[in-house]
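Here is how the chains run, residue by residue.
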Amino acid sequence: MKRLWLSLLLMALTLIACKEQQTQSQRVTPFSQLAASVPDAAPVVPGNPVVLPADHASHPAFRLEWWYLTATLSDISDRPYGLQFTLFRFTQPDATDNAWSDRQRWLAHVSLHTPDTHYFEEKVARGGVGNAGVYTSPFRAFIDHWQWQASPGTQDYKMFPSTLSVSATDKVSVSLQMRSTGPAVLHGDNGFSQKSADGRFRSYYYSVPFIDIRGSVEIDNKTLTVQGDGWFDHEWTSQLARGDALGWDWLSLSLDNGQKLMAFNMYVEGEPPFTTGTLINADGSSRTLSADEISLTPSGYEQINGKRLPVTWSVSIASAGIDIRISPFKKKQFNPGVAQYYEGRVEVTGSHRGRGFLELTGY
Amino acid sequence: MRRVWLAFTTLLSLARARPWEPVLIVFSIMVACAGLTAVSLINDSASQSNQASLNALSSPSLEVTAKRASQPLTKTDYAQLRQAGFDKLVAVTRNRLTLRCANGESMALDSLALDGTGAFFHQRINGESVSPDTLPAPVDAVAAAPATLSALGCAGKPLNLANGKKLPTPTANAQLPYGLIMMDMPVYYSLYSLDESPLSALIATRPVSDADITTLRRLLPPHLQASTAPQLTGNAQMSESFRLNLWAMGALMAVVSLFIVVNALNLMYRSRLATLVRLRQAGLSARALSAALFGELALYTGIASLAGVAAGAWLTLSFTPAIASTFISMFSANYIEAQPAIAVLFLKAWGLSMLALVVFMLLPVMRLSRLLTFNQARGPTVLPRWLGLIALAVALLAPALAFDRVSALAIVGLSLLCGCVCILAWLPPLLACLARATPRRLPVLHFSAASAVQLSQRTRMAVCAFFIALTANIAMNIMTDSFRTATYDWVEHRLSADGYVYTSSGAETLAAPEDLQLTPVYRADVTLNDLPARARSYPATLRARQGLVTDTIAPDAWALFTRGEGTFINQQLAFRRGLSVGDQVTITASRNSASAYTVVGIYPDYGNPDSQVLLPLDALASTENASGVFSVIAAPGAQTLIDNWAKTLDEETDYYSASALLTLSMQAFERTFTITRALNIATLSVAALSFLLAIVTVSLDIRPQLALLRSLGLGALRIHLALFTQYLLLCVGTALLSVPAGIGLAWVFIEKVNRFAFDWVYPLQIDAGVLLTSVLVSTGAILLILLVPLSKVRTRIDLRQQVAL
């Protein structure tokens, strides 16, 4: 009888392990189009701290970079909205440097979720033409008429205060005034963010999690006054743009006690998921969370485009007394771009309340 | 069922014994299917060429260009306009490249470099796309249509330019027009620098609202200009006319092919008569026999449809370069290579053929049925002459009912049908008169003339086919000749200056010696009564007045025009808006206020798809409207000054004498009628085939007569001559009736079909030489072809009166 139970247990464990392995092997790299290497791409190395505001600028020596703004907004009727503006930069391995190309390619996404509708637009531009890029004197991140521009009088390199003017389809235009109400946070070791246990995967990564946003959103010729919080991420790397990087589950949360949390599971080929995060206090101080300190467990799924995505999570950080559940404020917050991924506004319940964003890639 | 199968196999055995009859049926259906397939594919290509996204490359709705070559459009201009919100504008650089494979021949191609990433457009609402069709813009790549790559003979290999540089291996893209090589901008600018080859334009790849255009014009820097394509360009309209014309030609070919098939069926059934009689005597029911005949026809139709579709598809693809260049030169629009779906085309062709043949098979089957029931042989019924009069009245009155292109083309068909009725009603009496007039002392000739009367009744199908072919031939030749004469006359008058200068610098003035008078031409997009039109300046000098040919003109036209109160409009505008001399119109040029004008004259403007008005120089004179064209008039005795001055002009400026321009125009004119000439030959060939079949059918019945003539001592040669004379009289009689019909049809083509298709008409000119040539060449060709079967007619008959199997 004992042997029977042991055998059954072994079988169950094997099946679970196989399922996990099967699940991991079903992941895809979000960087399939960047699979070819760029031999002269700069490496991310420790001991090279992120320096602000200079590092708000572009880092063309690195293979991949993004300026990522998410905003949880509400109008005067308290209707919630989730806004995302992201500007990506890629170095093309086989591109030539000539009058019409500097080997860089710019990709931008604007996504606006209302409770009922999702407006999404994607733009592409070539570096070296002049209609896309990031300038620092003053700060401007732009692609065509999507502009994130530092306000007049702002010092060079500084991102805030600034204005964001974007549109999504011909039905939506957004104009927001943003100001930073707290310091930037360098993740990992002064911005050196490790993404895998062996350190092969890494990036330079910082956030500006304290952003106050006010402005207007026009939808179908109807103008809404909105306000809310924003979270800005800037990350650049050459060590993440690889075919064996299989995506991540990432979240950024603003809790009602003023704390902020950034955490992610990173998936790489041949290794178990790597979990880490940064817990940010209301005064801007922060500490890196190891895998032992933070638990990210999916607790609910949504079927989107034939994929089973974990959109509800349980997050616990025992040392901080945090035991929360995050769930999307609406279904199907999926960006159907050239790169497809889940990016949605989430609500926080449990030991703390709040709101934030969840991003899922590699599914 | 077994009986039907037995009858079917018997028919197939009979077919094997006399194979050329079913082969002729199969060939005729194959020709009709090939023609319809080709027309269908070409028309599909023409339809696809109207896609807005692709036409944006050749005929963009909005284009921003530099006013002068000295201050070109730059990358910075592009970036700034896109940042200002005009992300519908995409930078393009146009060039003409000479390319070749390693050891291959050079080929000159139009090249279009496009900012591929700038053309990218991706919008979603709730996951559903709200983007219009995206351009087939190759990113980091080079692409061309499969036919272009095939012509280059460079499959899978890089291309070399004349300067020694290499282009990456192009990929095939069926959406691209023939003769164009498209590439991403960085690829192009790895071959040239921006100084060597500046940007050509920023084109709108998606529709732009009028409000956006107004905003754009306000924001444009001074060295750039925005031009909108004519809203009423009728590129879509013209290619629709092209398609309609093709369908009409295809239908004509199909109708004539049908004539041949029916004739061939008559012949086949007539030659099988003895065997079919035996089958009926053996107890085979009429129904079973009909089913077997139908099955045999279905088999031939299936084989012929498949072969015809394949042949039509192959011919279309083979002739894509020629068709594309004709289309492009006619409409300045893309021509997309056809993508034949053989299975679908086959099913369509087979279905249509079966449908048509089942209907038209009734005639030979009914005839066969009469023969099988041994009814007293009756001669064919002669159509009463009053029926011919009614048909003539219908043919004369029907054109008045035309109100659009489709009705005009339908009236063409109706006219031809009425013509056939007239022929069938009047040809026998005409030949009978001729027979009566032939002296009896020439018995063979008299016999020939009298026999021709009978022959005209027995070969109705062939006569109709010949009548249609000859009438269409005459009409097309008269139409072409009239158009040629009108075009020459019109161009010659309009080129009233000694020469013309074209400069791409866009200059409003040009330095020239004192004895040369240079007058700039201004052009602008305007609205006339709130509808778009093109305006062109026109001088009011005496020479210019004499150069403007008009259809109608007011007595005080030039006085009003000079005062800025009158305007000349082209025929197209007059027809489209129902305007006539004396009407009041309001014309608004961009940025100007509206002005009232009186229509003082209507002028012909052949080949122009746009509505156009002529205004005095003062009304349009501005740097913005400068077209870079100047008329040049030399003072008396200073003609050689022009040649000397022309040699001093820079690379951006070209001088053309009026005579050189006239020559170029007429060369372009001749190129556009290539397809028409080919079609004339095709329809005449089909008519000849129809006559050929008729001869063989008839010869089976007249052999006893011929044998009698032989027994009376007439030699075989004289008998053949008599036979030939019969057909000669038949053809001459048909030709005589075809001449007025052809002239009438030419009038319908000009005044109705052309009027509704293109909104312009030209005078009908009847040249006796053209008429005579058409008749003689067509009739001569037919008669030459008929010599072959006529010479083979056997004049002896087996005494046992058995028909040889």
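Residues numbered from 1 in each chain as written. Chains lettered and ligands numbered in written order. Predicted model: local features only at pLDDT ≥ 70, side-chain atom pairs only at ≥ 80, totals over all residues. Heavy atoms only, no water.

You'll find chain B entered in an unreviewed UniProt entry as ABC transporter permease, with Alteromonas halophila given as the organism. Quoted verbatim from the Subcellular location (unreviewed entry) heading of the UniProt record, the comment on chain B is "Cell membrane". (UniProt positions renumbered as here; feature names shortened; annotations may be inferred.)

Where an unreviewed UniProt entry is consulted, chain A appears under the name Iron ABC transporter permease, with the organism given as Alteromonas halophila.

What exactly am I supposed to notice about the overall build of chain A here?
Across its full length, chain A holds one helix and 25 strands. Taking all 363 residues of chain A together, the buried fraction comes to 56%. Expressed as a percentage of contacts within chain A between residues at least 6 apart in sequence, the contacts between residues at least 24 apart total 56%. Working note: accessible area of chain A is about 14,900 Å², and carbon and sulfur atoms make up 53% of it. (Helix = DSSP H or I, 4+ residues; strand = E, 2+ residues; numbered from the N terminus. Buried < 20%, exposed > 50% of the residue type's maximum accessible area, 1.4 Å probe, protein only. Contact = heavy atoms within 4.5 Å. Areas by Shrake-Rupley, 256 points an atom, 1.4 Å probe, with all protein chains shown as cover.)

Help me understand the overall build of chain B in this model?
Each helix and strand in chain B was counted, giving 25 helices and 22 strands. Counted over contacts in chain B with a minimum sequence separation of 6, partners at least 24 positions apart contribute 81%. Working note: accessible area of chain B is about 35,800 Å², and carbon and sulfur atoms make up 61% of it.

What's the story with the pattern of salt bridges in this structure? I'm lost.
When charged atoms on two side chains of opposite charge get close, those side chains can pair. All told, the structure shown has 27 salt bridges over all chains when counted by the stated rule. Where arginine 325 of chain A meets aspartate 323 of chain A, a salt bridge forms, and the shortest distance between an N and an O atom there is 3.6 Å. When its relative accessible area of 34% is taken as the criterion, arginine 325 of chain A is described as partly exposed. Accessibility expressed as a relative area gives 39% for aspartate 323 of chain A, which makes it partly exposed. Among the salt bridges present, the one from glutamate 63 of chain B reaches arginine 94 of chain B, with a minimum N-O distance of 2.9 Å. In this pair, glutamate 63 of chain B sits in strand β1 (residues 62–66) while arginine 94 of chain B sits in strand β2 (residues 89–100), placing the two residues 31 residues apart along the sequence. (Salt bridge = Lys/Arg side-chain N within 4 Å of Asp/Glu carboxyl O.)

Can you help me understand the packing of helix α1 (residues 2–17) of chain B against helix α10 (residues 286–318) of chain B in this one?
Relative placement of two packed helices is described by the angle separating their axes and the distance separating the axes. Residues and elements named next belong to chain B. One way to put it is that α1 packs onto α10 with a least axis distance of 8 Å and a crossing angle of 50 degrees. In this view, α1 runs oblique relative to α10, as classed from their interaxial angle. Classified by chirality, the crossing of α10 by α1 is right-handed. Mapping the contact onto sequence places Val4, Ala7, Phe8, Leu11, Leu12 and Ala15 in α1 and Ala288, Ala291, Ala292, Leu293, Gly295, Glu296, Leu299 and Tyr300 in α10. When the residues that make up the contact of α1 with α10 are grouped by side-chain class, the tally is twelve nonpolar, one polar and one charged. (Axes fitted to C-alpha atoms, helices over the stretch in contact; angles between N-to-C directions. Parallel < 35°, antiparallel > 145°, perpendicular 65-115°, else oblique. Left-handed = near helix turned anticlockwise from the far one by under 90°. Nonpolar A, V, L, I, M, F, W, Y, C, P; charged D, E, K, R; others polar.)

Teacher, can you tell me more about the confidence of the model for chain B here?
Close inspection of predicted coordinates is inappropriate in any region flagged by low pLDDT. Residue and element names in this part refer to chain B. Averaged over all residues, the pLDDT of chain B is 80; the fraction at 70 or higher stands at 82%. Element-level pLDDT for chain B is lowest in helix α3 (residues 52–58), with a mean of 54, against a maximum mean of 95 in helix α4 (residues 75–83). Contacts for the low-pLDDT stretch residues 230–238, under 50 throughout, to residues beyond four places or in other chains number 27 contacts. Interface confidence in the predicted complex, given as ipTM, is 0.90; pTM for the same model is 0.60. (pLDDT = per-residue confidence, 0-100.)

Can you walk me through the pairing of strand β1 (residues 64–75) of chain A in this structure?
Regular strands place side chains that alternate from one sheet face to the opposite one. All names here are of chain A. Across the twelve residues of β1, twelve count as buried, placing the element largely inside the fold. Here twelve bridges tie β1 to strand β15 (residues 222–237), and the two strands are oriented antiparallel to one another. Counterpart to alanine 71 in the pairing with β15 is glycine 230. In this sheet, strand β2 (residues 80–91) lies alongside β1 in antiparallel orientation, the contact comprising eleven bridges. (Pairing = 2+ DSSP bridges.)

Looking at this structure, how should I read the packing of aromatic side chains?
How two aromatic rings sit relative to each other is set out by the distance from centre to centre and by the angle between their planes. A full pass over the atoms with the stated rule returns 32 aromatic pairs over all chains. When the centroid spacing of 5.7 Å and the interplanar angle of 55 degrees are considered together, the rings of tyrosine 606 of chain B and tryptophan 760 of chain B count as tilted. Of this pair, tyrosine 606 of chain B sits in the loop between β19 (594–603) and β20 (612–615) while tryptophan 760 of chain B sits in the loop between α24 (716–758) and α25 (768–792), placing them 154 residues apart in sequence. In this structure, lysine 123 of chain A is placed above the aromatic ring of tryptophan 146 of chain A, and the distance from its NZ or CZ to the ring centre is 5.4 Å. (Phe/Tyr/Trp six-rings, centres within 6.5 Å; stacked < 30°, edge-to-face > 60°. Lys NZ or Arg CZ within 6 Å of the ring centre and 35° of its normal.)

Is there a simple way to think about the side chain of glutamine 147 of chain A in this case?
Residues and elements named next belong to chain A. By the secondary structure assignment, glutamine 147 is in strand β9 (residues 146–150). Relative accessible area serves as the criterion here: at 12%, glutamine 147 is assigned to the buried category. A distance of 2.9 Å separates the side chain of glutamine 147 from the side chain of arginine 140, its partner in a polar contact. (Polar contact = N/O pair within 3.5 Å; in protein donor to acceptor, adjacent residues only side chain to side chain.)

Mind showing me how you'd approach the interface of chain B and chain A here?
One frequently used descriptor of interface size is the decrease in accessible area upon assembly of the parts. On the side of chain A, 33 residues touch chain B, which itself brings 28 residues to the contact. Across the chain B/chain A interface, buried area totals approximately 2,500 Å², and carbon plus sulfur atoms make up 53% of it. Between chain B and chain A we count three salt bridges in total. Two residues, aspartate 144 of chain A and arginine 82 of chain B, come together in a salt bridge whose shortest N-O distance is 2.8 Å. Our count for the contact surface shared by chain B and chain A stands at 15 residue pairs in polar contact (both at pLDDT 80 or more). If you list the elements that add at least two residues to the side of chain B that touches chain A, you get α4, β4 (122–125) and α6 (185–188) of chain B. Counting residues per element, the side of chain B that touches chain A draws most heavily on α4 of chain B, which supplies five residues. (Buried area = accessible area lost by both parts, 1.4 Å probe.)

It is not clear to me how a nonpolar patch on the surface should be interpreted in this structure. Could you clarify?
Residue and element names in this part refer to chain B. A contiguous nonpolar patch, built from Trp386, Leu389, Ile390, Leu392, Val394, Leu396, Leu397, Leu414 and Leu417 and spanning about 900 Å² of accessible area, is present on the exposed surface. Counting only elements with at least two residues in the nonpolar patch, the list comes to α13 (385–397) and α14 (405–437). Top element by residues in the nonpolar patch is α13. It accounts for seven residues. Relative to the helices and strands, leucine 397 resides in helix α13. Under the relative-accessibility criterion, leucine 397 is labelled exposed at 61%. (Patch = residues over 30% accessible without salt bridge, like charges linked within 9 Å, V, L, I, M, F, W, Y side chains within 5 Å.)

In this structure, what is going on with the pairing of strand β17 (residues 566–570) of chain B? I would like to understand it.
Residue and element names in this part refer to chain B. Among the five residues in β17, five count as buried, and that is most of the element. Side chains Gly566, Phe568 and Asn570 of β17 all project onto a buried face; the interleaved residues Thr567 and Ile569 project onto the opposite face, where all are buried too. Relative to β19, β17 runs parallel, the two sharing five bridges. Note that in β19 the partner of glycine 566 across the bridge is threonine 598. Relative to β20, β17 runs antiparallel, the two sharing two bridges. The residue of β20 that forms the bridge with phenylalanine 568 is leucine 614.

When you look at the packing of helix α16 (residues 460–494) of chain B against α24 of chain B in this model, what are you seeing that I'm missing?
All names here are of chain B. Packing of α16 against α24 brings their axes to within 7 Å, and their N-to-C directions diverge by 45 degrees. One finds that α16 runs oblique with respect to α24. Crossing handedness for the pair α16 and α24: right-handed. Here the residues of the contact of α16 with α24 sort into 21 nonpolar, five polar and no charged.

It is not clear to me how α24 of chain B should be interpreted in this structure. Could you clarify?
Its axis deflected by about 35 degrees at phenylalanine 749 of chain B, α24 of chain B carries its strongest bend there. Looking at the residues trailing α24 of chain B, positive phi occurs at aspartate 759 of chain B, about 65 degrees. (Bend = angle between axes of the 7 residues up to and from the residue.)

Help me understand the nonpolar core in this model?
One recurring pattern in soluble globular proteins: nonpolar side chains tend to sit buried together. Residues and elements named next belong to chain B. One finds Phe691, Tyr727, Leu730, Phe749, Tyr762 and Ile782 to be the most contacted residues of the largest nonpolar core, which totals 83 residues. Leave out the neighbours within four places in its chain, and phenylalanine 691 touches Ala462, Val463, Phe466, Tyr727, Leu730, Cys731, Ile782 and Leu786. Within the second largest apolar cluster, 55 residues are counted, among which are Phe86, Ala145, Leu149 and Leu161. (Core = buried A, V, L, I, M, F, W, Y, C linked by side-chain atoms within 4.5 Å.)

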